[in-house]
Amino acid sequence: MRVKIDVSEEDLDSDYGTVPGLVITCSRCRHSVEVFGTEEPSVKRGAVMLRDECPFDEDNFYSA
């Protein structure tokens, strides 16, 4: 199933202070993940993480 994701830029905590990153949220179940970086590869990484970590064990395809 194709599911839209919400992408928001935020400063995330890391081992070396705060760094720019993204919070990617599933519009269907509202589960979210954090990824470092703000470019397109970070959005794709977040979509893969959402698929792997889905709390309902669904194999969704995510689009921004």
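Placed above this text is the structure.
Residues numbered from 1 in each chain as written. Predicted model: local features only at pLDDT ≥ 70, side-chain atom pairs only at ≥ 80, totals over all residues. Heavy atoms only, no water.

Student: How do you make sense of the overall build of the protein chain when you look at a structure like this?
Tutor: Helix and strand counts for the protein chain come out as 1 helix and 4 strands. Reading the protein chain from its N terminus to its C terminus gives the helix and strand order β-β-β-α-β. Taking 11 Å as the expected radius of gyration for a compact globule of 64 residues, we find that the protein chain reaches 12 Å, a close match to that expectation. For the protein chain, the spread of C-alpha atoms along the principal axes amounts to about 35 × 20 × 15 Å. Burial statistics for the protein chain: of 64 residues in total, 31% are counted as buried. For the protein chain, the proportion of contacts with a sequence separation of at least 24, taken over those separated by at least 6, is 27%. By element, 46% of the accessible surface of the protein chain is carried by carbon and sulfur atoms, the whole surface being about 4,500 Å². Charged side chains in the protein chain number 7 positive and 14 negative. The centres of these two groups are separated by 11 Å. (Helix = DSSP H or I, 4+ residues; strand = E, 2+ residues; numbered from the N terminus. Rg over C-alpha atoms; globule rule 2.2 N^0.38 Å. Buried < 20%, exposed > 50% of the residue type's maximum accessible area, 1.4 Å probe, protein only. Contact = heavy atoms within 4.5 Å. Areas by Shrake-Rupley, 256 points an atom, 1.4 Å probe, with all protein chains shown as cover. Lys, Arg positive; Asp, Glu negative; His and termini not counted. Charge placed at Lys NZ, Arg CZ, Asp CG, Glu CD.)

Student: What is the right way to look at the pattern of salt bridges in this model?
Tutor: Evaluation of the coordinates by the stated rule reveals 2 salt bridges. Taking the shortest distance from any N to any O, the salt bridge between Arg-30 and Asp-6 comes out at 3.0 Å. Taken together, the positions of Arg-30 in the loop between strand S2 (17-26) and strand S3 (32-36) and Asp-6 in strand S1 (residues 2-14) put the pair 24 residues apart, joining distant regions of the chain. The partner of Glu-58 in a salt bridge is Arg-28, and the shortest N-O contact between them spans 2.8 Å. With Glu-58 in the loop between helix H1 (40-53) and strand S4 (61-63) and Arg-28 in the loop between S2 and S3, this residue pair connects regions lying 30 residues apart in the sequence. With a relative accessible area of 24%, Glu-58 lands in the partly exposed category. (Salt bridge = Lys/Arg side-chain N within 4 Å of Asp/Glu carboxyl O.)

Student: How should the environment of Ile-24 be read in this particular structure?
Tutor: Relative to the elements of secondary structure, Ile-24 occurs in strand S2. Residues Ile-24 and Arg-51, 27 residues apart in the sequence, show an inter-C-alpha distance of 11 Å. Those residues in contact with Ile-24 that sit more than four places away from it in its chain are Ile-5, Asp-6, Val-7, His-31, Ser-32, Val-33, Val-35, Val-43, Gly-46 and Leu-50.

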